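Below are the chains, spelled out letter by letter.
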Amino acid sequence: MPETIDWPLHSQPRKPRNFKFFFLIAVLVVLVLASRTAISYWVDLLWFRSLGYGEVFWKTRGLEWGVFAGFAAATFAVLLGVFTALKRAHRDDLPTTHTVILAGQSVDLPVATVLRVVAIVGSLLIAVVTGAAMAAQWPSLALWWYAPRTGGAGDPIFGRPLDFYLFTLPAWQALVGWLMTLAIISCVIAGVFMLISGGARALGGRLSSVVPLPWRGLSATGGFLLLVLAARVYVDRFAMMFEPHTIFSGVTYTDAHVTINGLLFVCAALVIGAAIAIATAVVNLRGRWLAAAVAPAAICYVIVGLAGWYVTTFLVKPNQLDRERPYIADNIEMTRQAYALDKFAQHEFPAETTPGAADPANNQATLQNIRLWDVQALKDTLRQVQEIRTYYDFPDIDIDRYQIGGSLREVMLGVRELNVDKLPESSRNWINDKLIYTHGYGITMNPVNGFTPEGLPTLLLSNMPVQSTVPGINVTRPEIYFGEMTNTDVYVKTGQQEFNYPEGQTNNLTSYKGDGGIVVGGFLRRIVLAFDRGDLAKLPFSDDVTADSRLLMRRNIRDRVAALAPFLSFDQDPYIVVGDDGRLSWMMDGFTSSDSYPYSATYTLDGQEINYLRNSVKVVVDAYDGTTTFYVFDNQDPIIAAWRKIFPGLFKDAAEMPSWQRKHVRYPELMLSLQAEAYGLYHMTNPEVFYNREDLWTVATQAGMGDQGEQTTEAMEPNFVLMNLPGESGLEFVEILPFTPANRNNMIGWIAARSDGEHYGTAVVYDFPKTRLVDGPQQIEARIDQNAQLSGQLTLWNQQGSHVRRGSLLVIPCGKALLYAEPIYLQAQRSPMPELRLVVLALQDRLAYAPNFEGALASLFGNEGSTLSAAEAPQAAMTTAAGAPKVESQGSLISEAGRDFSDYQRLTSEGKLAEAGQKLDDLKRVLDKLNAAAK
């Protein structure tokens, strides 16, 4: 008798037509999802074509779809084949029917038919999921398929060339992972068949005298699983080449002498076990032979583990440095190659302490380009004086160099972008958001140390329309349709005039004149675009949008480049460039990376662990029409060479970049920060010094401000400087970072990354004498805080409705010395706009400050004003024009000081910071007179 199971139902019995209804609903859902996907792909194709990259779309989708189809089909065939084989092997043990009770009635279900449907549907679902998972890994598989086999010297352990680790090994790991999934699912299917057929045999009393339970299918699939495990163990041996350890990364002494060879025995044991398992299935032996198949591998694995423990404990640890020395050397060499640290030049820097060592007469270009505008302070100021309307914003400040007045100057640029989220709520509608408020407008430019008498930036480019005070720098196309805040789609060339910029009580209007974007076209195309972009309720019925109108999508430049080249990583800090023709363009740095470079240490880049990095690509995006161009700047990078082979139409040579754009290429901050982190450890090329961490460096730290206003310590960020490098004659735009010894505040060296001409992409490290103690940023900050006269002044400013903001401390090599500079701003509580009040300059043994840079510089290199020697107290004396002492009564001086202080408090509370600063200067002079009188 067939087995009968009573499955009570907790709902009302459904009529057959209900089943048909739900089936139709499921079909419709699938069709809707499929059509939505097809429409999305079609719109993507239109977008790629609008940029001239239609072939990139087809190649990318062809690779992705090809991987999906291939692995999905293979998965479906394997699983359905496994099911068919298992069903055939168990056909004598399976029940013919299975009785269930539905709505009080017995229904006989044919087991074979049910299993066939379950097998087909289950295999199809698993195939789709597996195919999608493998399709996500199409970059690894594409690199393996297309990458040139360069060969070259093999690694010191396996003798494999570099391209094996960058291209072949990731593909092997993906394939083994896929096979492991199939093997596990096959074993699960076999286990299900064993339970079903075993239960039927037990109920029917037909237990075989040879095999108590039907182990044949499980033995066969278990053999398959053991073979895949053998392949995985074999492949995982190569991953030991970049496995991190406490002291270094890569293969260790124990790995080289025990583990790697021992795992080969484990592989062999797994193959033997697979043969035993398959023999168990063929000969129809008892199930315990399946356990015997696993035993050889388990025993080998335990033996290898014990041998490794013995070698590590009794041979390596007592003599770790001697045993690991060659492997540490390999790790140092390969890590330096992986992050291009081996290309760093190394020089000595004397770091002398006298003012004469700074040689100000021969370093005027460096001194005149010291950045006194702190990025955040300038951003807050521009938001007050240049936003013009509340819906504009300056999301970032960029630093670059331009020819101004016949000389190269360092400047700061801000892009005035439109933030639709800041529009008044009453103005938020589809027409305004999509057709009228479509773009930002213009930029600001100011010298890094330019200030007006009121403490505001000296603007070279400003206002709307853009006004220029510098001949040769003009903005002819100021509209920002593509930027950092352009996160919405817009329609241009419509019946509506676009808002350009405010003009008194009226608005200046414009129409888009570029060729960027997707042509809306006829009604059917409009419907499809509306469906994809979520505009079905508005776009099809808008009279303003015509067939010639254009859809601008993916206007955020980060999203734009990521969609075109998802296999690259990008610096998240793009910067704006003013072209010789007056057009605005964005520049971004693109990187190739890998996590499988042999013997290289692992670091984190944007949340992703990598052990190889190259800045191989520069991307230029036109801010008006969105034209996006990729330029290759590192032809030695094997990864970008492989991608160029896959997408030959996507990349151009660096030589094809226009000369005006080439002048603004710079060393990426992200690259230098990561290299500096690695160099702090891997500048030690001696394995013994490396092992003992005798000369460990870290990026210098500075005082910072937390979210709650508390004092914090943070690593310094790269600082762009126009300077003459020691031993070089020309002025260069370089990016510098200072180093300190680990857990100490004094400086030990600095790195300069070069951006100009033939030196682009190179870096120089300057080491300080080991016998000289050079103050670091934290120590200079402490000297500022400990100066009685300066700290007293800051304390006064922090009272009565004002707040002192200290800018970032800059460390600038100047001549043979180091110059430290920190701007100090005063900000009224009622006004978010800071104004520069003091500039503090310091050398190793001198500290000076003044209301402006020129005064502080004169004080630092002379003996006047606020110059404060580290060993001396401040000196002050008031004289008449004839030079005779001027005598005033102490009481009158005290009264005058009281009046000045009261006036200072009143002006500060009113937000009149410039006048308050003058009163504070008057108060200081009176206090100096009192000090002189007291002496």
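Above this text you will find the structure in question.
Heads up: these notes are all about the structure in this document. Everything numeric in this text was worked out from a predicted model, so none of it was measured. (Residues numbered from 1 in each chain as written. Predicted model: local features only at pLDDT ≥ 70, side-chain atom pairs only at ≥ 80, totals over all residues. Heavy atoms only, no water.)

A word on the overall build of the chain
What the chain contains, in helices and strands, is 24 helices and 39 strands. Looking at the chain alone, contacts between residues at least 24 apart form 66% of all its contacts between residues at least 6 apart. On the chain, roughly 42,200 Å² of surface is accessible, and the fraction owed to carbon and sulfur atoms is 56%. (Helix = DSSP H or I, 4+ residues; strand = E, 2+ residues; numbered from the N terminus. Contact = heavy atoms within 4.5 Å. Areas by Shrake-Rupley, 256 points an atom, 1.4 Å probe, with all protein chains shown as cover.)

Describing the layout of surface pockets
Here the largest pocket defines a volume of roughly 1,300 Å³. Lining the largest pocket are 42 residues, and of these Asp374, Glu714, Arg806, Gly807 and Ser808 lie nearest its centre. The class makeup of the residues in the lining of the largest pocket is 16 nonpolar, eleven polar and 15 charged. (1 Å grid on protein atoms, 1.4 Å probe; cavity = no way out; pocket = protein on both sides within 12 Å on 5 of 7 lines; lining within 4 Å. Points joined across faces, edges and corners; volume = space filled by probe spheres on them. Nonpolar A, V, L, I, M, F, W, Y, C, P; charged D, E, K, R; others polar.)

A word on a nonpolar patch on the surface
A grouping of Ile25, Leu28, Val29, Leu31 and Leu33 is seen on the molecular surface, where their side chains present a nonpolar patch of about 450 Å² in accessible area. Structurally, the position occupied by Val29 is in helix α1 (residues 16-50). Classification of Val29 as partly exposed rests on a relative accessible area of 44%. (Patch = residues over 30% accessible without salt bridge, like charges linked within 9 Å, V, L, I, M, F, W, Y side chains within 5 Å. Salt bridge = Lys/Arg side-chain N within 4 Å of Asp/Glu carboxyl O. Buried < 20%, exposed > 50% of the residue type's maximum accessible area, 1.4 Å probe, protein only.)

Some remarks on the pattern of salt bridges
As enumerated under the stated definition, the model contains 29 salt bridges in all. Linking Arg554 and Asp44 is a salt bridge whose minimum nitrogen-to-oxygen distance equals 2.9 Å. Taken as a pair, Arg554 in the loop between β18 (550-552) and α15 (557-564) and Asp44 in helix α1 lie far apart in primary sequence, 510 residues in all. A salt bridge links Lys422 to Asp393; its shortest N-O distance comes to 3.6 Å. Here the residue Lys422 occupies a position in the loop between β8 (417-418) and α13 (430-436), and Asp393 occupies one in strand β5 (residues 392-393), the gap between them amounting to 29 residues. For Lys422, a relative accessible area of 36% corresponds to the partly exposed category. One salt-bridge network, in which partners are shared between bridges, spans Asp44, Arg61, Glu64 and Arg554.

Digging into the pairing of strand β15 (residues 498-503)
For β15, the tally of buried residues reaches five of six residues, placing the bulk of the element in the interior. Of the pairings in the sheet, the one linking β15 to strand β16 (residues 506-510) comprises five bridges and is antiparallel in character. Its bridge partner being in β16, Tyr501 is matched across the sheet by Asn508. Following β15, the chain reverses through two residues before pairing antiparallel with β16; Gly504 in that reversal takes a positive phi of roughly 65 degrees. (Pairing = 2+ DSSP bridges.)

Focus on the packing of aromatic side chains
If you walk through the whole model with that rule in mind, you get 44 aromatic pairs. A ring pair is formed by Phe164 and Trp172, whose centres lie 5.3 Å apart and whose planes are at 80 degrees; its orientation type is edge-to-face. Pairing Tyr310 with Phe314 gives two aromatic rings, centres 5.1 Å apart and planes at 40 degrees, and the pair type is tilted. With Tyr310 and Phe314 both in helix α8 (residues 288-316), this residue pair falls four residues apart, about one helical turn. Aromatic ring contacts, followed pair by pair, group Phe158, Phe164, Tyr165, Trp172, Tyr234 and Phe238 into a single cluster. The ring of Phe531 has Arg36 lying over it, and the distance from NZ or CZ to the ring centre is 5.0 Å. Arg160 extends its terminal NZ or CZ atom over the ring of Phe164, reaching a point 4.5 Å from the ring centre. (Phe/Tyr/Trp six-rings, centres within 6.5 Å; stacked < 30°, edge-to-face > 60°. Lys NZ or Arg CZ within 6 Å of the ring centre and 35° of its normal.)

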